[in-house]
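Geometric and topological summary
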Amino acid sequence: MSTEEQLDHEKLMTLFGNVFNDVQGAVAILMSYLGDQTGVYRAMDKLGSSSVSAIAKEAKVDERYLQEWLASNAARGYVNFNAETEEFSLSPEQASVFARENEPTCIQGLMQGVVGQFIKEDVAIDVFKTGRGRPWGEHHECCFCGTERFFRPAYASHLLEEWIPALEGTEDKLRMGAKVADIGCGLGTSSMLMAEQYPNSTIHAFDFHGPSIDEAKKRAEEKGLTNLEFFVSDAADIPKNGYDLACIFDAWHDMGDPVGIASGIKDVLAEDGTFMVVEPMALDGMANNIANNPASGMMYGFGTLVCVPASKAQPVGLGLGPQAGPKKLMELLSEAGFGKVELAAETTNNIIFQARV
Ligand SMILES: C[S@@+](CC[C@H](N)C(=O)[O-])C[C@H]1O[C@@H](n2cnc3c(N)ncnc32)[C@H](O)[C@@H]1O
């Protein structure tokens, strides 16, 4: 620090306050994760306003730890405390965010994804320092389940109702019976939604991460889906089956060679087939994202920890990152040889492109 440098006390306190709030948030995330994994929020949702001992009994957790946990949650506004009755409760909104798995506002998957990153912080430091790539399989399993849990509500709310109908001529084909490739399918949520909705269609789902495909197969089997098959395969090696629809959900930017892979996908499509690319919501340009995209701090963080290292672990290693923005993404699709590239839809978390030859 130079001797002439003066600290502006007000600015300092504002910054300190913001960061302190983030630290409180980081602890709150771990608290929330404990409540999720032990079923405490679900027990509270079931019981309604209750004493600590009643909640401890229902969730089968230690009462003394629970009391401390509840106080921490109440201080963050995650649960309510009634000082007169000494009972804790969840409002419908708190239940929706913390306890109810299938509601679109349930945030536990995102929390789980963040916790997964903290668990392997030593790997993150090594990757950051050395610049090496980090394959998807080098993450804690919280990363896979958390990603699926976080994305699932958005897919369940929008994929069948908005995204597929926004693609020209595709929905009718899927209803009548079409061939679909879901590439980089992870645990297969999008593949299963499409297989259930379009029983006349055949869905082939591909991912190069074997354990994710094993889990996806198990889940599809439990649902009794017979028009869906999973394959362990790199996105560069998709068979030329003449797919009417090929799609990539929240994974294209993770790939080392997005242009090469999109170019290959062009060759596995039927003559009038469509390539749908679902990417995280982003604006054009880093300065724009920093200033105007409220999720960009988190997204550039995931870019640092997950997406850019995943890409750098693959051939070409472009390291596109999750905030490339629509202009850049559309340019890359054109570069891959798609003549008609359009923004098909936008939702809070995603931007959706349709690309045709
Ligand atoms: C963020 S996850 C998204 C998973 C899934 N599409 C979803 O939305 O839940 C990214 C996925 O892309 C897969 N992936 C990345 N690069 C790949 C490649 N070159 N070939 C096949 N899969 C790839 C990863 O294994 C991972 O499952």
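Basis of the calculations
Residues numbered from 1 in each chain as written. Predicted model: local features only at pLDDT ≥ 70, side-chain atom pairs only at ≥ 80, totals over all residues. Heavy atoms only, no water. Domains from an automatic or database assignment. Contact = heavy atoms within 4.5 Å. Buried area = accessible area lost by both parts, 1.4 Å probe. Salt bridge = Lys/Arg side-chain N within 4 Å of Asp/Glu carboxyl O. Polar contact = N/O pair within 3.5 Å; in protein donor to acceptor, adjacent residues only side chain to side chain. Nonpolar A, V, L, I, M, F, W, Y, C, P; charged D, E, K, R; others polar. Pairing = 2+ DSSP bridges. Helix = DSSP H or I, 4+ residues; strand = E, 2+ residues; numbered from the N terminus. Axes fitted to C-alpha atoms, helices over the stretch in contact; angles between N-to-C directions. Near = heavy atom within 4 Å. Areas by Shrake-Rupley, 256 points an atom, 1.4 Å probe, with all protein chains shown as cover.

1. A closer look at the domain arrangement of the protein
For interface size, the figure often reported is the accessible area lost on association. Once the domains are mapped, the protein shows domain 1 (9–100) and domain 2 (114–356). Centre-to-centre, using C-alpha coordinates, domain 1 lies 33 Å away from domain 2. Contacts between the two partners involve 5 residues from domain 1 and, on the opposite side, 4 residues from domain 2. Taken together, both faces of the contact between domain 1 and domain 2 bury some 360 Å²; the carbon and sulfur share is 69%. Its largest share of buried area at the contact with domain 2, domain 1 owes to Ile29, Tyr33 and Asp36, together 79% of the area lost on that side. On inspection of domain 1 and its partner domain 2, the count reaches 1 salt bridge. Across the pair Arg149 and Asp36 runs a salt bridge whose closest N-O atoms are separated by 2.9 Å. Put simply, domain 1 and domain 2 have 1 residue pair in polar contact (both at pLDDT 80 or more) between them. When grouped by side-chain class, the residues that make up the side of domain 1 that touches domain 2 number 3 nonpolar, 1 polar and 1 charged.

2. A look at the sheet that holds strand β5 (residues 228–232)
If you walk across this open sheet you meet the 7 strands as β5-β4-β3-β6-β7-β9-β8, and the pairing is mixed. Strands at the two margins of the open sheet, each flanked by one partner only, are β5 and β8 (340–346). Neighbour to neighbour, the strand axes of the sheet diverge by 20° on average, direction disregarded. Together, β3 (179–183), β6 (243–249) and β7 (269–280) form the strand contacts of helix α12 (residues 258–268), whose direction differs from that of β7 by roughly 145°.

3. Some thoughts on the site of the ligand
In the vicinity of the ligand there are 19 residues, among which Tyr155, Gly184, Asp207, Ala235 and Phe249 approach most closely. Taking Tyr155, its side chain carries an N or O atom lying 2.5 Å from an oxygen atom of the ligand. Residue Gln314 places a side-chain N or O atom 2.9 Å away from a nitrogen atom belonging to the ligand. Here the ligand, which alone exposes 590 Å², has 96% of that area covered by the protein. In terms of residue count, the dominant contributor to the shell around the ligand is helix α8 (residues 141–163) (3 residues). Class assignment of the residues belonging to the shell around the ligand gives a composition of 9 nonpolar, 6 polar and 4 charged.

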